[in-house]
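What the coordinates show
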Amino acid sequence: MKLKVNGTDYELEVQPDMPLLWALRDELNIKGPKFGCGIAMCGACTVHINGRPVRSCSFPVSAVSGEVTTIEGLGTPDAMHAVQEAWVEHQVAQCGYCQSGQIMSATALLNQKPDPTDAEIDQFMSGNLCRCGTYPRIRAAIKAASSRLQEG
Amino acid sequence: MGRAAKITRRTLLVGSAAIAGGVIFGYWKYKQPYNNPLLANLKDGEASLTPYVRIDQQGITIITPRAEMGQGVHTTLAALVAEELDVDLAAINVEHGPASSAYFNSALLEEGVPFKPTDHGRMAEGVREFMRVPAKFLGLQLTGGSTSVPDGFVKMRTAGAAARQTLLMAAATKLNVEVASLRTHDGAVISADGSVLPYTELASVAADIEPPAEPELKPRSEWRLLGKSLPRVDVVAKSTGTAEYAIDVELPGMVYATIRRNPRLGGSMNGYDASAAEKMTGVKKIVEFTDGVAVVATNTWYAIKAADAIEFDWGKVEYPSSTAEIYAQFEACFDDKYEDSQARDDGDIEAALIEADVLDVEYRAPFLAHATMEPMNAVALLQDGRLDIWAGNQFPTQVKIDGETLTGIEQDNIHVHTTYMGGGFGRRAEIDFVRQAIEIAQQMPGTPVKLTWTREEDMTHDVYRPAAIARFRGAVADGKPSAFDLRLATLSVVESQMGRYDLPVGGPDLSIVQSAWEQPYAIPNYRVTGYRVPAMLPVGFWRSVGASQNGFFHESMIDELAYAAEADPLEMRLAIVSHEPSRKVIEAVADLSSWGAPLPAGHGRGVAFVYSFGVPVAEVIEVASSDAGIRIVKVWVAADVGTALDPRNIEAQLQSGVNFGLAAAMQGEITLEDGKVQQTNFHNYDSIRMNQAPPIEVRVLENGAKIRGVGEPGTPPAAAALANAIFAATGERIRELPLNKHVRFA
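What counts as what
Residue positions within a chain follow its written sequence, with the count starting from 1. Chain A is the first chain written and ligand 1 is the first ligand written, with later ones labelled in order. Local features in this predicted model are restricted to residues of pLDDT 70 or higher, and side-chain atom pairs are both shown and tallied only at a pLDDT of 80 or more, whereas totals for entire chains, interfaces and linings draw on every residue. Calculated side-chain values reflect all of the structure's heavy atoms, with hydrogen atoms and water omitted. Here, the term nonpolar core denotes a set of buried Ala, Val, Leu, Ile, Met, Phe, Trp, Tyr and Cys residues that are joined through side-chain atoms within 4.5 Å. Accessibility here uses a 1.4 Å probe with only protein chains present; expressed as a share of the type maximum, an area under 20% marks a residue as buried, one over 50% as exposed, and anything in between as partly exposed. Strands here are runs of E lasting at least two residues and helices are runs of H or I lasting at least four, both read from the DSSP assignment and numbered beginning at the N terminus. Here, residues are in contact when the closest pair of their heavy atoms is within 4.5 Å. An automatic or database domain assignment provides the domain bounds reported here. Values labelled buried area give the accessible surface lost by two parts on being combined, using a 1.4 Å probe and summing over both. Salt bridges are identified by distance alone: a Lys or Arg side-chain nitrogen within 4 Å of an Asp or Glu carboxyl oxygen. Criterion used throughout: strands pair if DSSP finds at least two bridges between them. Buriedness of a pocket was judged along seven lines, with at least five required to meet protein on both sides within 12 Å; pockets are open sets of points on a 1 Å grid over the protein atoms alone, cavities are sets where a 1.4 Å probe fits but cannot get out, and lining residues have an atom within 4 Å of a point. Grid points are joined across faces, edges and corners, and a volume is the space filled by probe spheres set on the points. Lys, Arg, Asp and Glu make up the charged group, whereas Ala, Val, Leu, Ile, Met, Phe, Trp, Tyr, Cys and Pro make up the nonpolar group; the residues left over, Gly among them, are polar.

A look at the nonpolar core
Residues and elements named next belong to chain B.
- Membership of the largest hydrophobic core comes to 225 residues, with the highest contact counts inside it found for Phe 367, Leu 662, Leu 722 and Leu 739.
- The biggest single contributor to this core is helix H19 (residues 647–667), with 9 residues.
- The contact partners of Leu 662, leaving out residues within four places of it in the chain, are Ile 621, Ile 632, Val 635, Ile 688, Pro 694, Ala 718 and Leu 722.
- One finds Leu 49, Leu 80, Tyr 103 and Phe 153 within the second-largest nonpolar core, a separate group that totals 45 residues.

With respect to the domain arrangement of chain A
Residues and elements named next belong to chain A.
- When the domains of chain A are assigned, the result is domain 1 (2–74) and domain 2 (82–151).
- Centre-to-centre, using C-alpha coordinates, domain 1 lies 20 Å away from domain 2.
- Taken together, the contacts link 17 residues of domain 1 with 15 residues of domain 2.
- Interface area for domain 1 against domain 2, summed over the two sides, is near 1300 Å², with a carbon-plus-sulfur share of 58%.
- The interface formed by domain 1 and domain 2 contains 0 salt bridges.
- Listing elements by their share of the side of domain 1 that touches domain 2, those giving two or more residues are strand E3 (46–49), strand E4 (52–55) and helix H2 (71–74).
- Residue contributions to the side of domain 1 that touches domain 2 peak at 3 residues, all from E3.

Section: the pairing of strand E2 (residues 8–11) of chain A
Residues and elements named next belong to chain A.
- In this sheet, E2 lies alongside strand E1 (residues 2–5) in antiparallel orientation, the contact comprising 4 bridges. If you follow Lys 4 over to E2, its bridge partner there is Asp 9.
- Taking the residues that link successive antiparallel strands as the turn, the E1-E2 hairpin has 2 residues, and the phi of Asn 6 there is positive, at about 50°.

Side note on empty space enclosed by the protein
All names here are of chain B.
- What the rule picks out here adds up to 8 cavities of 30 Å³ or more.
- In this structure, the largest cavity encloses a volume near 90 Å³.
- Around the largest cavity sit Pro 366, Leu 368, Arg 465, Trp 542, Ser 548, Gly 661, Ala 664, Ala 665, Gly 668, Thr 715, Ala 719 and Leu 737, which together line it.
- The greatest single-element share of the lining of the largest cavity, amounting to 3 residues, is contributed by H19.
- Counted by class, the lining of the largest cavity contains 7 nonpolar, 4 polar and 1 charged residues.
- Of the voids in this model, the second largest cavity is the one considered here, and its volume is about 80 Å³.
- The dominant element in the lining of the second largest cavity, judged by the number of residues it contributes, is H19, at 3 residues.
- The class makeup of the residues in the lining of the second largest cavity is 3 nonpolar, 5 polar and 4 charged.

Digging into the pattern of salt bridges
Residues and elements named next belong to chain A.
- Throughout the structure, instances matching the rule amount to 57 salt bridges over all chains.
- With its nearest N and O atoms 2.7 Å apart, the salt bridge here joins Asp 122 to Arg 139. Pair noted here: Asp 122 is in helix H5 (residues 118–125) and Arg 139 is in helix H6 (residues 135–151), with a separation of 17 residues, a long-range link.
- You can call Arg 139 buried: its relative accessible area is 17%.
- Look at the salt bridges and you will find they share partners, linking Asp 118, Asp 122, Arg 139 and Lys 143 into a network.

The following block contains the structure:
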C-alpha cells in the first residue's frame, strides 16, 4: 500500500490492520511518534492526517486517506515550527517522551482555534498524558504560540 | 586504622544499604583510584583529562554519568564542569558516557546512616564521610535518591577545573611561556599577546600532562553559569522528535521482540502452546528466557499480535493472592516479632497517652505503579564475543555485571549505551528488561534485537511502591501535640531490590520510616516504629520512596492534631518546627499563598510540610468543592535546596513532583486478584491530566547547610496537603489513598 508521510511517498507491504504507529516506527524508521499505551489513552503517538490529530497506535494503516504529518514534518531543530519554538522558550520538556504527541495535539488545537480559552485547552489536551507533569508549562507554551501565530 | 575501621564497620551494619564484611579491603580499595574509562577508546589527537571531559579536534564532550530521565541532570551536571572548564554550554556535547565504576555515586549511602539528616554535628558528618568508602568500594553507578547534584557538586567542578589547568599547562608548553601569563575564555586559552588557542587544538599536548589533583574552585561570586536558569541541553531535541530513547534505536538487520511472563508476579511457566503464533505474519522466532517467552518478529506489532496468540499454563504463587489477603498480612505485622526499627523515641509516650484524650486512627496507602511514559525496552546485540546494550537505565554498572553473568563475556567487552529515558521515577533502577533483551540476543547471535514491553506487560510487571498501613495514637495539650505515636508496617524496598542484585543487606530499612522518624518537629513524647512485612510481591524505589506514603500519613496526623488542638494548622507547625531552614519554608509558603486570607464559599486550604532527601518542602493546596466534585484550584510550594544551581529547573522539578504526588493521591491504586495485578493500562491506572492540573507557584530558598537534589522532595507533601484541603473544605477526613475512593474529583 502507499503512504505519504511528511511530503514523501512510501510503498509498504504490511498487514492492513497494522496500526499506523508501527508502520511509521518499524517500517519507515520515523521515530518521533512514540508508543505509550497502544489503546489511544495517552496521546504519545499523535500525528496529523490531513491536519487533524490522530492517535496512530489505534489507527489502521490501511484506513489512512490523505497525508500523514509527524513531529519530524512539523519542523526541524534548525527550522522549528512556532509551537516547537514556544516549547523551547518555555523549557517544557522533562523526560520529553510525551512531547511529540503534546506538540502535535497543540498544533492541531491552534489550527482549529487560534486563540483557545483555558477550558478549550483543557478539553483538547486532556488526551495527552505527561507523567512528568509538565502541564503548567504546556499551557504557557500553547498561549505563547497562539500569540505568535496570530501576530504571524 | 583503629577508630576508622570501627566506625566504618558499624555504619556498614546500620546503613540502610549496608554491606556485610570486606571493610578493610573496602578501605584499601578506596585509596585506589578507578581508571578513567574514556582512556580506553581514545583516537589520535583526542585527550581525556578526567573521566568527565573528552576533547578532540572536533569539540569538547562532557560526560554526565547520571541517568537523564527528565530531571534535567545533564544540563546541571554539564554546567558544573563547564563553569570551571570555562566553556559555553551551547558549544559542547553532553553524553551519558560508558558504564564504569569510576562514576560511582558517593552521595548514595550518606543518608543511610542513623542520624537525622538535619544533624550536622561532628559525629553525624564523620559517619556520613565514611559512607563514601563503601560507596566507592561498591562502585555503583546508580541514579537515585535525589543524589546527582550533591554527588557531583564538588567532583564535577573539580574535573572541570583540573581539565582547565591542564589545558593552561599545555598552552604554556606550546608557547614556551609561564602559565601565569595565560587565561582562558570560552573554550580557548588566551595568551598575553592576545593569541587564541582553542582547547580542541591543545588536546594532544594536554594528553601527556598529569592533571592537578586538587585544583582551586571558583568562589560562588564568580560563577557565570551556576545559579542561573540555563536552557536545557536536550530541549530542542525533545521538542522536535529527534531525542533518541532506547525504543528509537535502529540498527541494520534489527528484529523486534515482545515478551509474556506469568501475570502472577514471579510465578513459574508450566508450559505454553505457540503453534498458532509461529505461523503468524512477520514472526521470525519464538524463544524462551528465564521466566517467560519472547516472540521475535519483523515488526513490534507482529510480535505483539503473535504473543497474544500463545496459550500459556502459568503456575501459582506463594504470596497472598488478593489485596484483602495482603492487607490482612500487613495487619498481622504490628507485632514485636516484625519490628524493624524504632529510630525515634522521645519522652515517655506510653505515660503521655494514659491520661490524655487520645486520637486513635489508622491510615492506608496502596501499591502503586511507576507507569513511565516509555514502556520498558532495551536493544541487545551479541556478536564475536562482544555484547552491546542500548537501554534507558539508572544503573549501568549493574547492567555490565548481569551481562557478564548471563553471557560469560568479560565486562571489558560489554558496552552499555545509556539513552535518554522516557521517565524513570525509580523503575529504571531495575534491569529486568535488559536481562531479557540479552537472553533473547543470546539466542540470535549477530542479530540486533529490540525488546519492547507492551503497556500491559509494563503495568502488571512493575516493582511496585509498597502498600502501607499506619497506626497512630496522638494527643494535644496547650494548642500543640503533646504525644505522637506512629507505627508503620510495610514491605522493605531495599531488601526487595538489593535481593534482586544479590547485594547483601543488613540492619533496619530506614525507608520504612523515612520522613516519619526524622521530621524536624519538637513534640515532647514522640515515637516512630517501623514493622517489616515479610517479602511477597516485588517492590521497588518509587519517586521519594518511603516518604511517598509516610508524608501522607505523618502530615495528615499532624493536621488532625491541629484541629483537635483548635489551632491553625500552619501556625501550629510553626510552633513545633525545630529546624530553622524548615521554619523558613513554612513561613515562605504562608507568605506565597497569603495563608489566612478569606476564601470563597466551598473552598478550603490544606498545608503539609515534609523533610525528605535533605530538602524541607512546604505545600499549600486550595480546593473548591461543588456538586461537580473537588477541584484543585492552586498549589503553592516552598523548598530549600541549600544552593540553587538552576532556579528554572528546580521550579520544574518541584512542579513535577507535586503533579506526580497528586496523580497518585487522587486515583493511583494497584490491586491484586488471583495473584494478578488488575490494572493493565492507562484506562484503569490513569494519571493527572491537563484538565485537572492546577497552577503551581514555587519559591526556592537557600538556607540549608548542604546542596541538595530536588527530583523527589516535591512529591511527599502533595497527598497530605490535598487531603488536608479536602477536610478544610468538606469536613471529611480521608485516611485512605487514593482519595477518589471517598470523593469525586471534578
